[in-house]
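Take a look at the letters that make up each chain.
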There are 2 protein chains.
Amino acid sequence: MLKIGIDAMGGDYAPEAVIKGALLALPELARDSVVVLFGDEKAIRDTLAQENADVSNFRIVHTTEVIEMGDHPAHAFVKKSDSSISVGFRHLQENLIDGFASAGSTGAMMVGSMQIAKQIEGIIRPAISANIATLNGKSFLLLDVGLNVDTKPDVLYQYAVIGNAYAQTVMKIREPRVALLSIGEEKEKGNIATRAAYELMDEGKAFNFVGNIESKQIFTGEQADVVVCDGFVGNVILKEAEGFYEIAKAQGVKNEYIDKLNYEIVGGTPVLGINHVVVVGHGCSSPLAIKNMILQTEKTIRGGLVEKLREIFN
Amino acid sequence: MLKIGIDAMGGDYAPEAVIKGALLALPELARDSVVVLFGDEKAIRDTLAQENADVSNFRIVHTTEVIEMGDHPAHAFVKKSDSSISVGFRHLQENLIDGFASAGSTGAMMVGSMQIAKQIEGIIRPAISANIATLNGKSFLLLDVGLNVDTKPDVLYQYAVIGNAYAQTVMKIREPRVALLSIGEEKEKGNIATRAAYELMDEGKAFNFVGNIESKQIFTGEQADVVVCDGFVGNVILKEAEGFYEIAKAQGVKNEYIDKLNYEIVGGTPVLGINHVVVVGHGCSSPLAIKNMILQTEKTIRGGLVEKLREIFN
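Remember, it's a predicted structure, so these values are computed and weren't measured experimentally. Residue numbers here run from 1 along each chain, matching the order of that chain's written sequence. By the order in which they are written, chains take letters starting at A while ligands take numbers starting at 1. Reporting of local features is limited, given that this is a predicted model, to residues whose pLDDT is at least 70; pairs of side-chain atoms are given and counted only at 80 or more, and all residues count toward the totals for whole chains, interfaces and linings.

Outline helix H8 (residues 231-250) of chain A, listing residues and values.
Each helix is a run of DSSP H or I of at least 4 residues and each strand a run of E of at least 2, with the numbering of both proceeding from the N terminus. Any helix carries an expected span of 1.5 Å times its number of residues minus one. The terminal C-alpha atoms of H8 of chain A, which comprises 20 residues, lie 28 Å apart, in line with the 28 Å expected from a rise of 1.5 Å per residue. Three classes are used. A residue is buried when 20 or more other C-beta atoms lie within 10 Å of its own, exposed when 12 or fewer do, and partly exposed in between, with C-beta atoms placed from the backbone. Along H8 of chain A, 16 of the 20 residues are buried, which leaves the element largely enclosed by surrounding structure.

Below, the structure is given as structure tokens:
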């Protein structure tokens, strides 16, 4: 039995959006997967009843507190020890669940990721990533999208190794094309960190390094399956894509591809390089976003990413 | 008489696209503006004849060489001393023209900008910028878009001052809203350089600093007229916008706003912070792009940007 822990209290529209999302995910989950909801049991049961849903489809872990967006993440994680996020991470630590996802406080999720799940030995800095749809009907993994800024070349190199492992285990690509985001295709283009990272990646031969890629090219899917960058840059890229989706929507543009840039479809960003599967959702997640976050969590667990990364780095 | 120097040999489709662009620009230029074409006189005259255009509308400065895309910019700038770009910069230096624009070798244009036009005293590093259309029917200035990477906080601060001056003199905005690009609106969000730059901008009171802006927000026009960032980041933003335009086009999306993200409409990127008006166009400029590059050059000259910057920094 594979147990997917979900924070029922996380996100701007919780618990309703979370419960609805879990119900949407249910038919697409494997038979031996179960969603474990962390949160106020009464609220969860009431919402399930409203949706005429069978409570026996889920397991519920009752928690009495919620880490709010305004809370200081590190303080709240400790002080609100019976919050859905804190309890979720304890369950993860004790292997009572196989993965944990929340659209609640990103800060608290990161505290749990770094202090409870902890980085895998040998990994300098974990990363957060985004799976973004490409024009060829597939997707690419962008990392880091905001966990680390001022990233050093050796960390960028490790992101490439981590991204490569993710693409192999979760995206099921045998030989992922790994690219370094820069401002020109030539190896001498870029800033200090990317130019040094290029050398490391080119020498490493640890993955199929396809060289530099420009931001103009990432969405075609023609050049890369994994795109590595500093977290400041990755966050800028991700938010610009979100911005374009919103522009297109506001302008009444109807296009299947552009719709896929909607963060709701993306679901969540997995925290990569830690000892457990943790997925962080968007604060304003809709039921569809929650559904995709749950499916992504299941996929990451089943892919065996954590085990693979331990194998590589230990 | 205001003299706008244009490299007739610059760009992938020169001289045809340049001549056609100059002809498109002609009716929109002020009566006392004249376009001075630098290039092979025969080729220019032949192209004008093909277009049934009156050669007396232009001045021609005959040059015998062309700096090619494959040439080493710094070497070629000196060796090909009779190239359209080298001769153009000499004319600029001797005040025989009031501005110079080219869609040719960006490298050679930058060599001319830095070695001939030279930076204005007091400016640490000049920048290149892009004027990008916003949803509210206006535009914002993004700088730097690729001249400097690994930008220090004091340079980012100067970009804000330069951008503010550009917005006032060329975009004719009385009190431009100047923002710093970051990955969150809170002042403590960002990387080392942006957090330090935030402090400088906030203390400086030299312009209307509106704080951090995220890449998602820049296209709305609701928050900022000038957006300051490191050149690596700015280049990534610009190329992502170009990428989206191309995606939309490839997907058959017809939308007036998205069409404005076409680099052809943008025209060229002015080099800001040097002692002359220099505008660099896209290598694959169409006649429309050239037309807009010419109009932008005229506008930058008329605005008195160089004089304004000298006043501020000297």
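How would you summarise the interface of chain B and chain A if you had to cite specific residues and measurements?
The interface is formed by 28 residues belonging to chain B together with 28 residues belonging to chain A. A total of eleven residues in the side of chain B that touches chain A trace back to one element, the largest contributor, which is helix H8 (residues 231-250) of chain B. Three residue categories are used. Nonpolar comprises Ala, Val, Leu, Ile, Met, Phe, Trp, Tyr, Cys and Pro, charged comprises Asp, Glu, Lys and Arg, and polar comprises the others, including Gly. Of the residues belonging to the side of chain B that touches chain A, the class tally is 13 nonpolar, nine polar and six charged. What counts as a contact here is a pair of residues whose C-beta atoms, placed from the backbone, lie within 7 Å.

Go over the packing of helix H6 (residues 153-169) of chain B against helix H12 (residues 305-313) of chain B with me, naming the residues and quoting the values.
To describe two helices that pack against each other, one gives the angle between their axes and the distance between the axes. Residue and element names in this part refer to chain B. To obtain an axis, a line is fitted to C-alpha atoms, over the contacting stretch when the element is a helix, and the angle between two such axes runs from 0 to 180 degrees between their N-to-C directions. In the contact formed by H6 and H12, the axes pass within 10 Å of each other and the chain directions differ by 140°. Considering their axes alone, H6 and H12 lie oblique with respect to each other. For the pair H6 and H12, the crossing hand works out as right-handed. On the side of H6, the interface is formed by Val161, Ile162, Ala165, Tyr166 and Thr169, while H12 contributes Leu305, Lys308, Leu309 and Ile312. Per-class residue counts for the contact of H6 with H12 are seven nonpolar, one polar and one charged. For classification, angles of less than 35 degrees are called roughly parallel, those exceeding 145 degrees roughly antiparallel, those between 65 and 115 degrees roughly perpendicular, and all remaining angles oblique. Working rule for handedness: look at the near helix, and if it is turned counterclockwise from the far one by less than a right angle, call the crossing left-handed; if clockwise, right-handed.

Describe in detail the sheet that holds strand E2 (residues 33-39) of chain A, supporting the description with residues and values.
Residues and elements named next belong to chain A. Here, a strand pair is defined by DSSP locating no fewer than two bridges between the strands. Sheet architecture is open: eleven strands sit in the order E3-E2-E1-E4-E11-E10-E5-E6-E9-E7-E8, paired in mixed fashion. Each end of this open sheet is capped by a strand with a single partner; those strands are strand E3 (58-62) and strand E8 (208-213). Pairs of neighbouring strands in the sheet enclose a mean axial angle of 25°, with direction left out of account. Inspection of the sheet shows strand E7 (residues 177-181) paired to E8 by four bridges, in the parallel sense. Counted as the bridge partner of Leu181 is Ile213 from E8.

How would you sum up the relation of the copies chain B and chain A? Please name residues and give values.
The copies were overlaid with a least-squares fit restricted to C-alpha atoms from residues scoring a pLDDT of at least 70 in each copy. Once chain B is rotated about the relating axis by 180° and shifted along it by 0.0 Å, it coincides with chain A to within an RMSD of 0.0 Å. Put plainly, the chains are arranged around a two-fold axis. Using C-alpha coordinates, one finds that chain B approaches the rotation axis most closely at Val233 of chain B, a distance of 3.1 Å.

Explain the sheet that holds strand E1 (residues 2-7) of chain B to me, and be specific about the residues and the numbers.
Residues and elements named next belong to chain B. Sheet architecture is open: eleven strands sit in the order E3-E2-E1-E4-E11-E10-E5-E6-E9-E7-E8, paired in mixed fashion. Edge positions in the open sheet fall to strand E3 (58-62) and strand E8 (208-213), since each of these has one partner strand only. Shown here is a sheet whose adjacent strand axes are inclined to one another by a mean of 25°, direction ignored. Pairing geometry for strand E7 (residues 177-181) and strand E9 (residues 226-228), over three bridges, is parallel. Bridging from a neighbouring strand, Leu180 pairs with Val228 of E9. Packed on one face of the sheet, helix H4 (residues 84-93) meets E1, strand E2 (33-39), E3 and strand E4 (99-102) and runs near 160° to E1. In the packing of helix H11 (residues 287-303) onto the sheet, contacts are made with E1, E2, E4, strand E10 (268-272) and strand E11 (277-281), and the angle to E11 comes to roughly 165°.

Requested: an account of the pairing of strand E4 (residues 99-102) of chain A, with residues and values cited.
Successive residues of a regular strand alternate their side chains across the two faces of the sheet. Residue and element names in this part refer to chain A. Of the two faces of E4, the one lined by Gly99 and Ala101 and the one lined by Phe100 and Ser102 are each fully buried. Taken together, the three bridges between strand E1 (residues 2-7) and E4 define a ladder with parallel strand orientation. Note on E4: the bridge partner recorded for Ile6 is Ala101. In this sheet, strand E11 (residues 277-281) lies alongside E4 in parallel orientation, the contact comprising four bridges. Along E11, the bridge assignment pairs Gly99 with Val277.

Could you give an account of the domain arrangement of chain A, naming the residues involved and the relevant values?
Residues and elements named next belong to chain A. An automatic or database domain assignment supplies the residue ranges for each domain. By domain assignment, chain A separates into domain 1 (1-123 + 273-303) and domain 2 (124-262). Measuring from the centre of the C-alpha atoms in domain 1 to the corresponding centre in domain 2 gives 26 Å. Counting from both sides, the interface comprises nine residues of domain 1 and, opposite them, nine residues of domain 2. Here the side of domain 1 that touches domain 2 takes three residues from helix H11 (residues 287-303), the largest share from any one element. Residue composition of the side of domain 1 that touches domain 2, grouped by class: three nonpolar, five polar and one charged.

Before we move on, could you go through the confidence of the model for chain A and cite the residues and values that matter?
Residue-level pLDDT values for chain A average 95, and 99% of them are 70 or greater. Among the scores for the predicted complex, ipTM is 0.92 and pTM is 0.93. On a range of 0 to 100, pLDDT expresses the predictor's confidence in each residue.

Can you tell me about unusual backbone geometry, naming the residues and giving the values?
Glycine aside, residues mostly have negative phi, and peptide bonds are mostly found in the trans state. Following Ala14 of chain A, the chain continues to Pro15 of chain A via a peptide bond in cis, the omega torsion being -5°. When you line up the elements, Pro15 of chain A lands in the loop between E1 and helix H1 (16-25). That bond from Leu143 of chain B to Asp144 of chain B is cis: its omega, -5°, falls within 30 degrees of zero. Tracing the sequence through the fold places Asp144 of chain B in the loop between strand E6 (139-143) and H6.

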